[in-house]
Amino acid sequence: TTQVYYEDDVDESYLEDTTVAVLGYGSQGHAHALNMQESGIDVRVGLREDSSSRAAAEEEGLEVGTPAEVAQVAEVISVLVPDTVQSAVYEEIEPHLEDGDTLQFAHGLNIHYNQIQPPEHVDVTMVAPKSPGHLVRRNYENDQGTPGLLAVYQDTTGEATERGLAYAKAIGCARAGVLETTFQEEVETDLFGEQVVLCGGVTSLVKAGYETLVDAGYSPEAAYFECMNELKLIVDLMYEGGLSEMWDSVSDTAEYGGLTRGDRVIDDNARENMEEILEEVQSGEFAGEWIAENQVGRPKYTQIRQAEKDHEIEEVGERLRGLFAWADEQEEKPAEAPAD
Ligand code: NDP
Ligand code: MG
Ligand code: MG
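Residues numbered from 1 in each chain as written. Chains lettered and ligands numbered in written order. Predicted model: local features only at pLDDT ≥ 70, side-chain atom pairs only at ≥ 80, totals over all residues.

### Notes on the overall build of the protein
Per the secondary structure count, the protein includes 15 helices and 9 strands. Taking 20 Å as the expected radius of gyration for a compact globule of 340 residues, we find that the protein reaches 22 Å, a close match to that expectation. Per-residue burial for the protein yields a buried fraction of 30% across its 340 residues. Once local pairs closer than 6 in sequence are excluded, the contacts in the protein between residues at least 24 apart make up 67%. (Helix = DSSP H or I, 4+ residues; strand = E, 2+ residues; numbered from the N terminus. Rg over C-alpha atoms; globule rule 2.2 N^0.38 Å. Buried ≥ 20, exposed ≤ 12 C-beta atoms within 10 Å, placed from the backbone. Contact = placed C-beta atoms within 7 Å.)

### Points about the packing of helix 1 (residues 27-38) against helix 6 (residues 133-141)
Their axes nearest at 7 Å, the elements helix 1 and helix 6 cross at an angle of 20 degrees. Viewed along their axes, helix 1 and helix 6 adopt a mutual orientation that is roughly parallel. For the crossing formed where helix 1 meets helix 6, the hand is left-handed. Side by side, helix 1 and helix 6 meet where Ser27, Gln28, His30, Ala31, Leu34 and Asn35 of the first sit next to Gly133, His134, Val136, Arg137 and Tyr140 of the second. In terms of residue class, the contact of helix 1 with helix 6 is made up of 4 nonpolar, 6 polar and 1 charged. (Axes fitted to C-alpha atoms, helices over the stretch in contact; angles between N-to-C directions. Parallel < 35°, antiparallel > 145°, perpendicular 65-115°, else oblique. Left-handed = near helix turned anticlockwise from the far one by under 90°. Nonpolar A, V, L, I, M, F, W, Y, C, P; charged D, E, K, R; others polar.)

### Overview of the site of ligand 1
In the vicinity of ligand 1 lie 27 residues, with Gly24, Gly26, Ser27, Ser51 and His107 positioned nearest. Of all elements in the fold, only helix 1 and strand 7 (123-129) reach the threshold of two or more residues within the shell around ligand 1. Broken down by element, the shell around ligand 1 gets its largest block of residues, 3 residues, from helix 1. Partitioned by chemical class, the residues of the shell around ligand 1 number 13 nonpolar, 10 polar and 4 charged. (Near = placed C-beta within 6 Å.)

### Structural notes on the UniProt feature "active site" (unreviewed entry) in the protein
The residues that UniProt annotates with the feature "active site" (unreviewed entry) are His107. Tracing the backbone shows His107 in the loop between strand 6 (102-105) and helix 5 (109-112). Accessibility expressed as a C-beta count within 10 Å gives 22 for His107, which makes it buried. Apart from the residues lying within four places of it in its own chain, the contact partners of His107 are Asp83, Ala128 and Asp190. (UniProt positions renumbered as here; feature names shortened; annotations may be inferred.)

### Structural notes on unusual backbone geometry
Positive phi values are uncommon outside glycine, yet Asp17 reaches one of about 55 degrees. In this structure, Asp17 sits in the loop between strand 1 (4-5) and strand 2 (19-23). Positive phi, normally seen in glycine, also occurs at Arg298, with a value near 60 degrees. Turning to its location among the elements, Arg298 is positioned in the loop between helix 13 (285-295) and helix 14 (299-309).

### Comments concerning the sheet that holds strand 5 (residues 76-79)
If you walk across this open sheet you meet the 9 strands as 1-9-8-7-6-5-2-3-4, and the pairing is mixed. Strands with a single pairing partner mark the edges of an open sheet, and in this sheet they are strand 1 and strand 4 (63-65). (Pairing = 2+ DSSP bridges.)

### Focus: the domain arrangement of the protein
If you check the domain split of the protein, you get domain 1 (4-181) and domain 2 (191-329). Averaged C-alpha coordinates put domain 1 and domain 2 at centres separated by 32 Å. If you look at the interface, domain 1 gives 4 residues, while domain 2 gives 4 residues. Counted by class, the side of domain 1 that touches domain 2 contains 2 nonpolar, 2 polar and no charged residues. (Domains from an automatic or database assignment.)

### Here's the deal with the environment of Leu237
Mapped onto the elements, Leu237 comes out in helix 10 (residues 220-249). Residue classification places Leu237 among the partly exposed positions, given that 18 C-beta atoms sit within 10 Å. Considering only alpha carbons, one finds Leu237 and Trp247, 10 residues apart in sequence, at a separation of 8.9 Å. Ignoring any residue separated from it by four or fewer positions in sequence, one finds Leu237 in contact with Glu245, Met246 and Ser249.

Here is the structure:
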């Protein structure tokens, strides 16, 4: 069974007299930096000279330098810039990695697919909160925690796990539970999950359902409510009490219809596609494609992203959401899109 750590399992003295450099002040970066600062840790934020994030970090009383400057003074360097720029930023900090330093990540992509190859004299760890950064911050402020993953890729000091746990505690993850994993498992399950279920699968399901209804002559408004708006209510029930609570809450008609029809949507063909997508993740084919796409300036990404924004369901949804009385009272939207 998977090892899960809580606050009592953590010895925070492993981060005593340690300076932590947080590279990037975006979704995860601001949350880690502020939570650690409030946990009493000496934190520096690493940003490029002309960074748009600089003012926000300084306003919170954080000391800001370039990635190279803060890496030089820190013993733990937490790489929280976007995955696609991490290998370039790493070039700047590599000369400042000293014996026994820790290179810390929140996602294992660049290490697992060898885009960053750290020297043997440093520890390489991952503390990956399983939530968007704004929630990592908000939960901490409300004396709550965010579950997280801990993985050790390289342990030169013999203390990589303990130091990783101290980091996890300092950002609030140990309040909710820290699950031990590996870089490989974190990367492969994360990519598979976001592609097949969370981001890719669910949006394609919504669009296909919507288009089927509209193509059959039903109103776009009715199709929007059935295929997109109600999804939140269904997901909330699954989140609270699993599939059972959801099935118990819908009508018997919905339960019978869903149980007899769901597997016709996600049929053997769909499952074969899932296996194929998993293989592309495992083989590195997906990572290679994504790295190459970034190297040529993201032409395909730009085009498909725009096509998604232009989908009819977006226009219909925006109009309908504007009519909801409760729209104004909705939770504040995160500053950064919770990509994963
Ligand atoms: P963001 O996109 O929010 O990071 C933006 C920050 O990085 C900004 O401060 C930006 O500053 C800085 N930055 C961007 N480009 C550069 C550059 N070339 N050099 C220096 N700084 C730069 O990142 P996330 O927080 O989304 O992701 C960080 C890591 O956390 C990733 O590994 C991601 O996979 C992981 N993760 C993210 C989650 C999330 O909730 N988003 C969830 C779990 C893990 P500037 O103003 O200079 O552009
Ligand atoms: Mg219904
Ligand atoms: Mg992800």
